[in-house]
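If you want the building blocks of each chain, they are given just below.
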Amino acid sequence: DAGVTQSPTHLIKTRGQQVTLRCSPKSGHDTVSWYQQALGQGPQFIFQYYEEEERQRGNFPDRFSGHQFPNYSSELNVNALLLGDSALYLCASRYNGRRITDTQYFGPGTRLTVL
Amino acid sequence: AQSVSQHNHHVILSEAASLELGCNYSYGGTVNLFWYVQYPGQHLQLLLKYFSGDPLVKGIKGFEAEFIKSKFSFNLRKPSVQWSDTAEYFCAVSAEGVFGNEKLTFGTGTRLTIIP
């Protein structure tokens, strides 16, 4: 049973460029969330996708956008990259059942460096 | 909006010492509480969680946490630490909402270093 997978592992971009990060949820999961973890900080919620729609959004600018595909995998897109976007980007998945005990499972992350 | 404070940024202990990591949250409604651990080079893993019921929650690897509602706290404890417990520990909170478990709000983390 594969867990949450993310690609690529590392990425180096320059300011102003655009980047796409990818996530495949754990088997049986249909809800995907994205988090940004800056160095020395805890993860911060970017947004959550369910049924191919953005369902919740954190305090991030519109430069951050996403998509969810019919197979539940997801992409995170960041436009007009800034130096401050350098971080570890985490994907988390869970099953959307309304049981409150459902747990989010995290992937290994994509390390994005903006030069 | 909810927030989480972890006051211990870096804790250094010898093996077999007892551990307590502090976590305080701020939110007026019903919350669910979590501790996640990030071992060096590995991804975030759930240690334990509290949703309701017994405020003393037991997790994996001998960890436990106690929810004290009056103090808005959810401290993590372990009676005897091992070198393999060296990791970054994150407290997190989520609010109950329409979609069940809502987004996680994390603290800044506590780096735990165990000296053999």
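Scroll up to find the structure this text is about.
The shown structure was predicted, so the numbers you read here are calculated from the model rather than taken from an experiment. (Residues numbered from 1 in each chain as written. Chains lettered and ligands numbered in written order. Predicted model: local features only at pLDDT ≥ 70, side-chain atom pairs only at ≥ 80, totals over all residues. Heavy atoms only, no water.)

Caption draft 1: Region of the structure containing the overall build of chain B. When its secondary structure is counted, chain B shows 0 helices and 12 strands. Scanning chain B from its N terminus toward the C terminus, one meets helices and strands in the order β-β-β-β-β-β-β-β-β-β-β-β. The C-alpha atoms of chain B give 14 Å as radius of gyration, which agrees with the globular expectation for 116 residues (13 Å, within 12%). Oriented by its inertia axes, the alpha-carbon framework of chain B measures out at about 45 × 30 × 25 Å. Across the 116 residues of chain B, 48% fall into the buried class. Of the contacts made within chain B by residues no fewer than 6 positions apart, 55% connect residues no fewer than 24 positions apart. Working note: accessible area of chain B is about 5400 Å², and carbon and sulfur atoms make up 54% of it. Of the side-chain charges in chain B, 9 are positive and 9 negative, and the distance between the mean point of each set is 1 Å. (Helix = DSSP H or I, 4+ residues; strand = E, 2+ residues; numbered from the N terminus. Rg over C-alpha atoms; globule rule 2.2 N^0.38 Å. Buried < 20%, exposed > 50% of the residue type's maximum accessible area, 1.4 Å probe, protein only. Contact = heavy atoms within 4.5 Å. Areas by Shrake-Rupley, 256 points an atom, 1.4 Å probe, with all protein chains shown as cover. Lys, Arg positive; Asp, Glu negative; His and termini not counted. Charge placed at Lys NZ, Arg CZ, Asp CG, Glu CD.)

Caption draft 2: Here's a closer look at the state of the cysteines. Tallied over the entire structure, the rule returns 2 disulfides over all chains. In this model Cys23(A) forms its disulfide with Cys91(A); the gap between the sulfur atoms is 1.8 Å. Judged by the torsion about the S-S bond (-60°), the Cys23(A)/Cys91(A) disulfide is left-handed. Taken as a pair, Cys23(A) in strand β3 (residues 19-24) and Cys91(A) in strand β9 (residues 87-94) lie far apart in primary sequence, 68 residues in all. The disulfide partner of Cys23(B) is Cys91(B), and the S-S distance across this bridge is 1.9 Å. What sets the handedness of the Cys23(B) and Cys91(B) disulfide is the S-S torsion sign, and at about -65° it is left-handed. Taken as a pair, Cys23(B) in the loop between β3 (19-21) and β4 (24-26) and Cys91(B) in strand β10 (residues 87-97) lie far apart in primary sequence, 68 residues in all. Taken as a pair, Cys23(B) and Cys91(B) share a single burial class, namely buried. (Disulfide = S-S within 2.5 Å.)

Caption draft 3: Highlighting the pattern of salt bridges. Under the defined criterion, the tally for this structure stands at 8 salt bridges over all chains. The partner of Arg22(A) in a salt bridge is Glu75(A), and the shortest N-O contact between them spans 3.4 Å. Highlighted residues: Arg22(A) in strand β3 and Glu75(A) in strand β8 (residues 74-78), separated in sequence by 53 residues. You can call Arg22(A) partly exposed: its relative accessible area is 41%. Here Glu75(A) falls in the buried class, since its relative accessible area comes to 17%. A single salt-bridge network, built from bridges that share partners, covers Lys58(B), Glu64(B), Glu66(B) and Arg77(B). (Salt bridge = Lys/Arg side-chain N within 4 Å of Asp/Glu carboxyl O.)

Caption draft 4: Structural detail: the sheet that holds strand β1 (residues 5-7) of chain A. Residue and element names in this part refer to chain A. The antiparallel open sheet is built from 4 strands, whose spatial order is β1-β3-β8-β7. A single partner strand is all that each edge strand has here, and the edge strands are β1 and β7 (64-68). Averaged over neighbouring strand pairs, the angle between their axes works out to 20° when direction is ignored. (Pairing = 2+ DSSP bridges. Axes fitted to C-alpha atoms, helices over the stretch in contact; angles between N-to-C directions.)

Caption draft 5: Seen up close, the side chain of Thr110(A). All names here are of chain A. Mapped onto the elements of the fold, Thr110 is located in strand β11 (residues 110-114). The exposure class assigned to Thr110 is buried, which follows from its relative accessible area of 0%. In this structure Thr110 touches Gln6, Ser7, Pro8, Thr9, Leu21, Ala87, Leu88 and Tyr89, once residues within four positions along its chain are discounted.

Caption draft 6: Fine view of the nonpolar core. Ranked by size, the top nonpolar core spans 28 residues in total, and within it Leu33(B), Trp35(B), Leu47(B), Leu48(B), Phe74(B), Leu76(B) and Tyr89(B) carry the most contacts. For this core, the elements supplying multiple residues, two or more each, are β2 (10-14), β3, β5 (31-38), β6 (45-50), β8 (64-68), β9 (73-78), β10 and β12 (110-115) of chain B. When residues no more than four places from it in sequence are discounted, the contact partners of Tyr89(B) are Gln6(B), Leu21(B), Trp35(B), Tyr36(B), Val37(B), Leu47(B), Phe63(B), Leu76(B), Gly109(B), Thr110(B) and Leu112(B). With 20 residues, the next largest nonpolar core counts Phe47(A), Phe64(A), Leu81(A) and Tyr89(A) among its residues. (Core = buried A, V, L, I, M, F, W, Y, C linked by side-chain atoms within 4.5 Å.)

Caption draft 7: Molecular detail of unusual backbone geometry. The omega torsion of the bond from Ser7(A) to Pro8(A) falls at -10°, within 30 degrees of zero and hence cis. Mapping Pro8(A) onto the fold places it in the loop between β1 and β2 (10-13). Unusually for a residue other than glycine, Ala16(B) sits at a positive phi of about 80°. Here Ala16(B) lies in the loop between β2 and β3. In this structure, Phe72(B) takes a positive phi of about 50° despite not being glycine. In this fold, Phe72(B) is placed in the loop between β8 and β9. Overall, Phe72(B) belongs to the partly exposed group, its relative accessible area being 38%.

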